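Next come the chains, spelled out residue by residue.
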Amino acid sequence: MASNAIPISAFIGGAGFITAGIILLPVLARLLKPRDAILVGILAPLGLFAFQLSLIPVFGFFGMLIPATALIFGSLGFHRSYLIPTAYAVFGLAWYVLFSGGTFLWLLPYFILIALALTNRVRHFTKGGKGDILLHGLATTMCELVTMNIASISILHLPGGLWSLITPVMYFERSIAVAGSGIILLSLMRVKSILKMEYI
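Cut-offs used in this document
- Residues numbered from 1 in each chain as written.
- Predicted model: local features only at pLDDT ≥ 70, side-chain atom pairs only at ≥ 80, totals over all residues.
- Heavy atoms only, no water.
- Helix = DSSP H or I, 4+ residues; strand = E, 2+ residues; numbered from the N terminus.
- Buried < 20%, exposed > 50% of the residue type's maximum accessible area, 1.4 Å probe, protein only.
- Contact = heavy atoms within 4.5 Å.
- Areas by Shrake-Rupley, 256 points an atom, 1.4 Å probe, with all protein chains shown as cover.
- Axes fitted to C-alpha atoms, helices over the stretch in contact; angles between N-to-C directions.
- Left-handed = near helix turned anticlockwise from the far one by under 90°.
- 1 Å grid on protein atoms, 1.4 Å probe; cavity = no way out; pocket = protein on both sides within 12 Å on 5 of 7 lines; lining within 4 Å.
- Points joined across faces, edges and corners; volume = space filled by probe spheres on them.
- Nonpolar A, V, L, I, M, F, W, Y, C, P; charged D, E, K, R; others polar.

Q: Please provide a residue-by-residue account of the overall build of the chain, values included.
A: Across its full length, the chain holds 9 helices and 2 strands. The 200 residues of the chain split such that 49% are buried. Counting contacts in the chain only where the partners sit at least 6 residues apart, residues at least 24 apart contribute 72% of the total. Here the chain displays about 9500 Å² of accessible surface, and carbon together with sulfur accounts for 72% of that area.

The following block contains the structure:
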């Protein structure tokens, strides 16, 4: 909850902010099993709604789905298959192409995720290895982005030209989320036996 009070960047210059919470989403998604992720995905956004943190001031009630989908799909990715969050990202990609009118540069991280997920199906990244951590972080943060994009298109009706302006900011935010969560997870890997967290 506290991390969602720390802004990383303003979202389209409005009252909502992309917060440090995006760094912790992949961490929590890996630590929580899917059932627990669903429970936390319901309860934690209620706190954000109550205190009007993160993107809630922009999207209102729908804003609660943004972290929830990331947490749930990220957990399903780690505990089941990364094809699950990747499928959601493909759905988001299609939604963006069909309804946003925005730049195709926005889709670069989507294609990176698809390539990583397919590579993992063929080569099977070592659990806890850099490839695995990168795929997990990107899959989780992209699910958050997909839900935010759907809301931006369907609720805010962002004009097509605006997507070109915010694309560099999106790259920055997703990079921070993947790198930050990766550092935390790799650090936890080093002490997981002490913390009795072998499953991560």
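Q: Residue-level account of the environment of Ala29, with values.
A: Along the chain, Ala29 falls in helix α1 (residues 21–31). Ala29 gets classed as buried once you look at its relative accessible area, which sits at 0%. Leave out the neighbours within four places in its chain, and Ala29 touches Ala70, Leu71, Gly74, Ser75, His79, His136 and Thr140.

Q: Describe the packing of helix α4 (residues 65–79) against helix α7 (residues 130–156), listing the residues and the values that go with them.
A: Contact pair α4 / α7: the axes reach a minimum separation of 8 Å and the direction vectors enclose 150 degrees. The two elements α4 and α7 cross, and the hand of that crossing is right-handed. Across the interface between the two elements, Leu65, Ile66, Thr69, Ala70, Phe73, Gly74 and Phe78 from α4 touch His136, Thr140, Cys143, Glu144, Thr147 and Met148 from α7.

Q: Go over the layout of surface pockets with me, naming the residues and quoting the values.
A: To find leftover empty space, a probe the size of one water molecule is rolled over the atoms. If you add up the space inside the second largest pocket, you get close to 220 Å³. Counting only elements with at least two residues in the lining of the second largest pocket, the list comes to α4 and α6 (108–123). Here the lining of the second largest pocket is composed, by residue class, of 3 nonpolar, 4 polar and 4 charged.

Q: For the side chain of Thr140, give the residues involved together with the corresponding values.
A: In this structure, Thr140 sits in helix α7. The exposure class assigned to Thr140 is buried, which follows from its relative accessible area of 0%. Excluding its chain neighbours within four sequence positions, the residues that come into contact with Thr140 are Leu25, Pro26, Ala29, Ala70 and Gly74.

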